[in-house]
Amino acid sequence: MEVAAIIFHRLCHVEIRRLLPIIGTVVAVVVVFQCFALPYRRSMYLSVDMRGSAVVMVYNATTIINNSRTTKIDGNGAVMGLKMDVTKPDHSSTQEEEMIKPGQWEQMEKAEDKYKMNNHLKSIPTDGKGDLDANLSIIASSVAANILLVDNVKQVRKALSKNTEPLKTVSIIMNNNSTATSISVMKRMKIQPTSVSQMNSLLLRSLVTSSHSMRSRLSSMLDHELLSAKHDIQNAPVVRNTPEEYASIFRNVSMFKRSYELMERILKVYIYREGEKPIFHQSKTRGIYASEGWFMKLIEGNRKFTVKNPRKAHLFYLPFSSQMLRTVLSEQDLHNQKELEIHLKKYLDLIARKYNFWNRTGGADHFLVACHDWAPKITRRYMKNCIRSLCNANIAKDFKIGKDTTLPVTYVHSAQATLEDLGGKPPSERPILAFFAGSMHGYLRPMLLKFWENKEADMKIFGPLPRDLEGKKMYREYMKNSKYCICARGYEVHTPRVVEAILNECVPVILSDNYVPPFFEVFDWEAFSVFVQEREIPNLRNILLSIPEEKYRMMQLRIKLVQQHFLWHKKPVKYDLFHMILHAVWYNRVFQIRAR
């Protein structure tokens, strides 16, 4: 028996030694497989269908979800098995099963900002009166679009509440009879929205100190002129003949008036002649991006501020249209942001080779005016030192208060009639408390409708109105009959409703976290508008009702006074929109200069 045992033991030892290479190979294959499989498991999404069932989607920038079937949340809040078809870049299809438990929610990562939502959310069945927890704050940015869909925020909260670890971005996807829109929420947001008071502090800091990169490398007579202008503005004499109501719309009306006078007397701009149309020296003066087109047209036809000799210029204008850049390169199948950025880099290389002005200051005395959504991203690298006048002014991203300036979004329907339908009814004849109408762009507007559509008689909150003449007339009439006009962000932080509200003498309610309003350098926006954080949507009506009638009337009066600064004229007039855009660039450049 002992001999048999010894023989058996030795045989087993030999077999195990023979199996070791095989076992090692299997382990290696498993490790390699897991490594290559990870990219397809990076982003997890939770969606709830109209019956209250939950779906988890595996998705990233290179994966497209085709079909999925829902599986319900069990009593413990865990998401049970899910099968889905995933189409990968090589077009091979696979089916996967996923089991996501509450303890695994911390693995979810922020969705990649790639696609934009196209459809609307007509209705989401909730009681409309519940409030989102502070732990379910709406994401201020980063998910421009996913695939969609929600039923009940309470059910989502129940599923997420089981998690004990800090949760990163979770995209809550919602569906309503094939209508698609996406809303993203974040549990325990680490970065809070930048308040107006914080923006004020950043502006004050920028006026006191300037970045080393903004200092000119070569001292010149032009630099001394700007330094002198800076001193004169800082020590501006008190203006005594300005009505108090008008003065109240400014941070410091004396500084503004002095700065404007010096701009008219001193400022000279050189426009580079390089660049071929239509990307350069051509832009549209109609549509939602009309601001960049109007400014380009008016500055290139201006003799007062422009010079032909670049050595006499305080500022250099880069005459490209972000809208035309996007359009033309898209037609050439070069439609991603990287290609647009490279195109601008080639243009800057040409400028730098031909002139020494760009290299002298690193671009600090150059400026651009761009309204397309992508403009901040395609200019943030090679044009980071430029003064950028941008519609998409997001302080949480690349917008720098004190250097960059906000370009107003002006939706021009007719280039021949920019001054039609101005004004509105007096405060006593505005029965509507708040008004909003628009397409369901972005994650915020569906939430606005979710809480306030058809909830209160004095809250006129709608989706898109008809696009015909009757619909446009209806839109204007609502604005003229409303006390407050809700300016809710779309895909990005900016919206034409801010200027539309001003033109219709309706007090703007800016519902867009981290948005820097136009001409923030000189205007005191809190004097004639209301700022509401996105997470306060459920309390929107109470916030507006809490504003005393006397304060509302004063804001409405100031709106009428500030209106002149937001008007386009075919031939520019003093203090109009063209001059205000140019002044904002001049003002920021002046305060960047410092003595060596």
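Up top is the structure.
Nothing here was measured: the structure is a model prediction, and the numbers come from that model.

Criteria and cut-off values
- Residues numbered from 1 in each chain as written.
- Predicted model: local features only at pLDDT ≥ 70, side-chain atom pairs only at ≥ 80, totals over all residues.
- Heavy atoms only, no water.
- Helix = DSSP H or I, 4+ residues; strand = E, 2+ residues; numbered from the N terminus.
- Buried < 20%, exposed > 50% of the residue type's maximum accessible area, 1.4 Å probe, protein only.
- Areas by Shrake-Rupley, 256 points an atom, 1.4 Å probe, with all protein chains shown as cover.
- Core = buried A, V, L, I, M, F, W, Y, C linked by side-chain atoms within 4.5 Å.
- Contact = heavy atoms within 4.5 Å.
- Pairing = 2+ DSSP bridges.
- Axes fitted to C-alpha atoms, helices over the stretch in contact; angles between N-to-C directions.
- Expected span 1.5 Å × (residues − 1).

A. Here's a closer look at the overall build of the protein. Tallying secondary structure elements over the protein gives 17 helices and 18 strands in all. In the protein, which comprises 596 residues, the proportion classed as buried is 54%. Here the protein displays about 28,100 Å² of accessible surface, and carbon together with sulfur accounts for 53% of that area.

B. Representation of unusual backbone geometry in the model. Here K277 and P278 are connected by a cis peptide whose omega angle stands at 5°. Within the secondary structure, P278 is located in the loop between β9 (269–271) and α7 (290–300). For D421, which is not glycine, the phi torsion reads 60° and is therefore positive. Considering the arrangement of structural elements, one finds D421 in the loop between β13 (405–406) and β14 (432–436). Accessibility expressed as a relative area gives 41% for D421, which makes it partly exposed.

C. Geometry of the nonpolar core. Core analysis: the biggest nonpolar cluster contains 133 residues, and F295, F367, L448, Y484, I486, F523 and W586 have the highest contact counts within it. At eleven residues, the largest contribution of residues to this core is made by helix α17 (residues 577–592). Ignoring anything within four residues of it in the chain, the contact list for L448 reads F436, E453, I461, I486, A488, L511, I537 and L540. F435, M479, C485 and A501 belong to the second-largest nonpolar core, a separate cluster that totals eight residues.

D. Expanded view of the sheet that holds β9. Pairing is parallel in the open sheet, where five strands are placed in the order β9-β10-β11-β12-β13. If you trace the sheet from one side to the other, it starts and ends with β9 and β13, each paired once. Bridging between β9 and strand β10 (residues 315–317) involves three bridges; their strand directions are parallel. Following the sheet pairing, I271 is matched in β10 by Y317. Along the sheet face, α7 touches β9, β10 and β11 (366–370) and points at about 135° away from the line of β11.

E. Layout of α17. Along its 16 residues, α17 runs 23 Å from first to last C-alpha, staying within 8% of the 22 Å computed at 1.5 Å per residue. Taking burial as the measure, the 16 residues of α17 include 16 buried ones, the bulk of the element.

Such coordinate-based values are descriptive only and should not be taken to indicate function.
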